[in-house]
Amino acid sequence: MAKIHLLDCTLRDGGYINDWDFGYDTIKSILNKLVASQVEFAEIGFLRNCEYDRNKSVFNNCGEMKAILPAERGNTRFSAMALHNTYDVDKLEPYDGETVELIRVTFHDYDIGEGLAFIQKVKEKGYKVACNPINIMGYSDAQILELLERVNGIQPYAFSIVDTFGSMMKGDLLRIYSMVEHNLDKSIVIGLHLHENLALAYSLAQEYIGICATGRESIIDASMLGMGRVPGNLCMELIMDYMNKTQGCSYNVNPVLDGIDDHIVQLKQIEPWGYNIAYALSAKYNLHRNYSEFLLDTGRLRAKQINQILSRIAPHKKTAFDKAYIEKLYLEFQGVQVDDAALLERLGLQVAGRQVLVIAPGASILAHKQTIDAFRGKEEPIVFSANFVPQDFAVDYAFFSNARRYESNREKIEAGRTVVTSNLLNMDCETPNVVNYAELSFSEKGICDNCVIMLLRLLYKVGAAKVYLAGFDGYGENQTNYVSAHMASLHTKGEEENSRIRKFVGDLRTFMQLEFLTPSRYDLV
């Protein structure tokens, strides 16, 4: 039977959720619970060039780690991780046997030489060193074999199969493990680090345990409750239990369960990790997850649209995130061009000589319904709604620029009374009223695809000199922001977004009159 060890990376990989700010007492508690569980390795965090904060699991050197390490360590050994280009190896003291025994070093496929040189320096300081190449799925077979040959030349303690983008399936694991097993020096430990993009981490870990060669040591990474950068990691409590049942191990799962109850569950409220369709799509194309995160954070795309944009990412752009590149793809996708001259002329005739009211989906339209009704009764304005069809207010036109909002209102939409931006044409829109997305999202002041801002720009284009606004409230913490709870987005940016929208409202006020009928965080007058 192969000798397989477990390495807990909660304090390191889990730190992507809370900026490694676990708190001093929590760090100590988690480490004590891991020792009690009899896990073989506990990773206490990152080595980085940083300003040391004892509440965070990020360190400049091993000396800063001493205060948090348990006095009684049982059979547990400790590790830390360093990305070679974010840490000055000269800060690392020679190994003294009192802190971490293992240092794991990561590098990309484009800086292998620098990564291996860093590993050699760490090894010379007396530490066990693990070689963790980022995104092994991005390597060709020939590149893996070449890397293994170079790794054999420096003889690290371990070499890890790291599924950085969570795109690995059973066939990939079998292929890569076979190459590593047959070409890596037999004295070097093989590691495995899995992510949950495809919800396969637990099943792949079981598969790996089944194929591990007798006589070769292995290390499998996991974390409490799978905590880690979304969508998360292999769950430590599950793999411990599996190892106990099938491998004759004697892990004590209870301290891990206590650690989850005491510390981890509450952290899931910050950013809930776990399977998410957008991250599954990033895995489908073996992409850096930040591409999916960028598209998710727009809050304006359906999953199928995210899929369409991710499918366009060029091979040489997949591994390293390029924000300017994905923003360009996003805007190109949104910016379908149409001939909207006839529609603009028709809207101009309807707006001419009339008051204009825009109703946004902020919760204030419920509290101030009488004010809105009184204004409508007196002024008889032409009424536009923004990204929703109001239940309590009749509108002349419902304006949509957001695919998610359009889809959720589809059953209420009247084709002739709807205006959509051209980015929604791939949503099988039935309305004939389509305006150019790019014309409304771009201005000399910058890009803004907030629906109300785009609608105000449209109204200015068709001759509206003054617009009244209701329900354009802004985002508040711990309060109801929308007329309907289902409209709330997980990707709302709070005060950051408020500040951004305020600037665009201020710009619009330099050439058109805006008056708020309901309270708004955007009204600075």
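Residues numbered from 1 in each chain as written. Predicted model: local features only at pLDDT ≥ 70, side-chain atom pairs only at ≥ 80, totals over all residues. Heavy atoms only, no water.

Novice: In this structure, what is going on with the overall build of the protein? I would like to understand it.
Specialist: Counting secondary structure elements, the protein contains 20 helices and 18 strands. Principal-axis analysis of the C-alpha atoms places the extent of the protein at approximately 85 × 45 × 45 Å. Across the 525 residues in the protein, those meeting the buried criterion constitute 57%. Considering only contacts in the protein between residues 6 or more positions apart, those separated by 24 or more positions represent 70%. By element, 48% of the accessible surface of the protein is carried by carbon and sulfur atoms, the whole surface being about 21,900 Å². Across the protein, 54 positive and 67 negative side-chain charges occur, with their mean positions spaced 2 Å apart. (Helix = DSSP H or I, 4+ residues; strand = E, 2+ residues; numbered from the N terminus. Buried < 20%, exposed > 50% of the residue type's maximum accessible area, 1.4 Å probe, protein only. Contact = heavy atoms within 4.5 Å. Areas by Shrake-Rupley, 256 points an atom, 1.4 Å probe, with all protein chains shown as cover. Lys, Arg positive; Asp, Glu negative; His and termini not counted. Charge placed at Lys NZ, Arg CZ, Asp CG, Glu CD.)

Novice: What is the right way to look at the side chain of Ser-218 in this model?
Specialist: Within the element layout of this structure, Ser-218 appears in strand S9 (residues 218–222). At 3.0 Å, the side chain of Ser-218 forms a polar contact with the side chain of Tyr-208. (Polar contact = N/O pair within 3.5 Å; in protein donor to acceptor, adjacent residues only side chain to side chain.)

Novice: Explain the nonpolar core to me, please; I cannot follow it from the model alone.
Specialist: If you look at soluble globular proteins, the nonpolar side chains tend to sit buried side by side. Among the nonpolar cores identified, the biggest contains 157 residues, and Phe-159, Ile-239, Leu-458 and Phe-472 are the most heavily contacted of them. Considering each element in turn, this core owes the most residues, eight residues, to helix H19 (residues 451–461). Beyond its immediate sequence surroundings of up to four residues, Leu-458 is in contact with Leu-344, Leu-347, Phe-399, Val-419, Val-435 and Leu-440. Of all hydrophobic cores here, the second largest spans eleven residues; its members include Val-389, Ala-403, Tyr-406 and Met-427. (Core = buried A, V, L, I, M, F, W, Y, C linked by side-chain atoms within 4.5 Å.)

Novice: Looking at this structure, I do not really get the packing of helix H10 (residues 277–284) against helix H12 (residues 303–310). What am I missing?
Specialist: For any two helices packed against each other, one specifies the inter-axial angle together with the distance between the axes. Closest axis-to-axis distance for the H10/H12 pair is 10 Å, and the angle between their directions is 20 degrees. The angle between H10 and H12 falls in the class roughly parallel. Crossing handedness for the pair H10 and H12: right-handed. Within the contact between the two elements, H10 uses Ile-277, Ala-278, Leu-281, Ser-282 and Lys-284 and H12 uses Ala-303, Ile-306, Asn-307 and Leu-310. Looking at the contact of H10 with H12, its residues break down into six nonpolar, two polar and one charged. (Axes fitted to C-alpha atoms, helices over the stretch in contact; angles between N-to-C directions. Parallel < 35°, antiparallel > 145°, perpendicular 65-115°, else oblique. Left-handed = near helix turned anticlockwise from the far one by under 90°. Nonpolar A, V, L, I, M, F, W, Y, C, P; charged D, E, K, R; others polar.)

Novice: Can you help me understand helix H9 (residues 253–267) in this one?
Specialist: Residues three or four positions apart in an α-helix share a direction because the helix packs 3.6 residues into each turn. Taking 1.5 Å of rise per residue, 15 residues should cover 21 Å, and H9 covers 20 Å from first to last C-alpha, within 8% of that figure. The sharpest bend along H9 reaches about 45 degrees and sits at Asp-261. Structurally, the start of H9 carries an N-cap: the backbone nitrogen of Asn-254 is 3.2 Å from a side-chain oxygen of Asn-252. (Expected span 1.5 Å × (residues − 1). Bend = angle between axes of the 7 residues up to and from the residue.)

Novice: I'm lost on the packing of aromatic side chains in this one. Help?
Specialist: What characterises a pair of aromatic rings is the spacing of the ring centres plus the angle enclosed by the ring planes. Under the counting rule described, the total for this entry stands at 16 aromatic pairs. With centroids separated by 6.2 Å and ring planes inclined at 80 degrees, the aromatic side chains of Phe-294 and Tyr-330 adopt a geometry described as edge-to-face. In this pair, Phe-294 sits in helix H11 (residues 289–297) while Tyr-330 sits in helix H13 (residues 323–334), placing the two residues 36 residues apart along the sequence. Owing to a relative accessible area of 15%, Phe-294 belongs among the buried residues under this scheme. Aromatic side chains Tyr-475 and Tyr-482 sit 6.5 Å apart centroid to centroid with 55 degrees between the ring planes, which places their arrangement in the tilted category. Summarising the burial analysis for this pair, Tyr-475 and Tyr-482 share the class buried. Aromatic ring contacts, followed pair by pair, group Tyr-16, Trp-20 and Phe-46 into a single cluster. Directly above the ring of Trp-20 sits Arg-48, whose terminal nitrogen or CZ lies 4.5 Å from the centroid. Over the ring of Phe-393 we find Lys-369; its NZ or CZ atom is 5.4 Å from the centre of that ring. (Phe/Tyr/Trp six-rings, centres within 6.5 Å; stacked < 30°, edge-to-face > 60°. Lys NZ or Arg CZ within 6 Å of the ring centre and 35° of its normal.)

Novice: For this particular structure, what's the right way to read the pattern of salt bridges?
Specialist: When their charged atoms lie close together, side chains carrying opposite charge are able to pair. Across all of its chains, the model carries 26 salt bridges by this definition. Here Lys-466 and Glu-515 are joined by a salt bridge, their closest N and O atoms 3.1 Å apart. Within this pair, whereas Lys-466 is found in strand S17 (residues 466–470), its partner Glu-515 is found in strand S18 (residues 513–516), the two being separated by 49 residues in sequence. Linked through salt bridges whose partners overlap, the residues forming this network are Arg-12, Glu-43, Arg-104 and Asp-221. (Salt bridge = Lys/Arg side-chain N within 4 Å of Asp/Glu carboxyl O.)

Novice: What should I look at first to understand the pairing of strand S13 (residues 418–421) in this one?
Specialist: For a regular strand, side chains alternate in direction, first toward one face of the sheet and then toward the other. Burial along S13 is two-sided: Thr-418 and Val-420 facing one way and Val-419 and Thr-421 facing the other are all buried. Alignment of strand S12 (residues 397–400) against S13, held across three bridges, turns out to be parallel. Looking across to S13, one finds that Ala-398 is bridged to Thr-418. Handedness of the S12-helix H17 (residues 403–408)-S13 crossover: right-handed. (Pairing = 2+ DSSP bridges. Right-handed = clockwise from strand over helix to strand, strands pointing away.)

Novice: Quick question: what am I supposed to make of H11 here?
Specialist: The buried count for H11 comes to eight of nine residues, which makes it a mostly enclosed element. Check the buried side of H11 and you find it contacts H10, H12 and H13. Downstream of H11 by one or two residues, Gly-299 has phi in the positive range, about 65 degrees.

Novice: How should I be thinking about empty space enclosed by the protein in this particular structure?
Specialist: The method is simple in principle: a probe with the dimensions of a water molecule rolls over the atoms, and the space it marks as empty is what remains. Using the criterion set out here, one finds one cavity of 30 Å³ or more in the structure. There is about 50 Å³ of room inside the largest cavity. Taken together, Leu-7, Leu-102, Arg-104, Ala-130, Ala-158, Ser-160, Gly-191, Ile-219 and Asp-221 form the lining of the largest cavity. (1 Å grid on protein atoms, 1.4 Å probe; cavity = no way out; pocket = protein on both sides within 12 Å on 5 of 7 lines; lining within 4 Å. Points joined across faces, edges and corners; volume = space filled by probe spheres on them.)

Novice: Could you clarify how one ought to interpret the state of the cysteines in this entry?
Specialist: By definition, a disulfide links the sulfur atoms of two cysteines through a covalent bond. Under the defined criterion, the tally for this structure stands at zero disulfides. Cys-50 takes part in no disulfide bond, and the closest cysteine sulfur to it belongs to Cys-62, at a distance of 12 Å. Classification of Cys-50 as partly exposed rests on a relative accessible area of 26%. Cys-451 carries a free sulfur, and the closest cysteine sulfur to it, the one in Cys-448, is 10 Å from it. According to the relative accessible area criterion, Cys-451 is buried, its value standing at 7%. (Disulfide = S-S within 2.5 Å.)

Novice: Would you take a moment to explain the environment of Thr-298 for this structure?
Specialist: Note on placement: Thr-298 falls in the loop between H11 and H12. Judged by relative accessible area, Thr-298 falls into the buried class, the value being 14%. Spatially, the C-alpha atom of Thr-298 lies 9.1 Å from that of Asp-449, the residues being 151 residues apart in sequence. Among the polar contacts made by the side chain of Thr-298, one reaches the main-chain carbonyl oxygen of Leu-295 at a distance of 2.7 Å.

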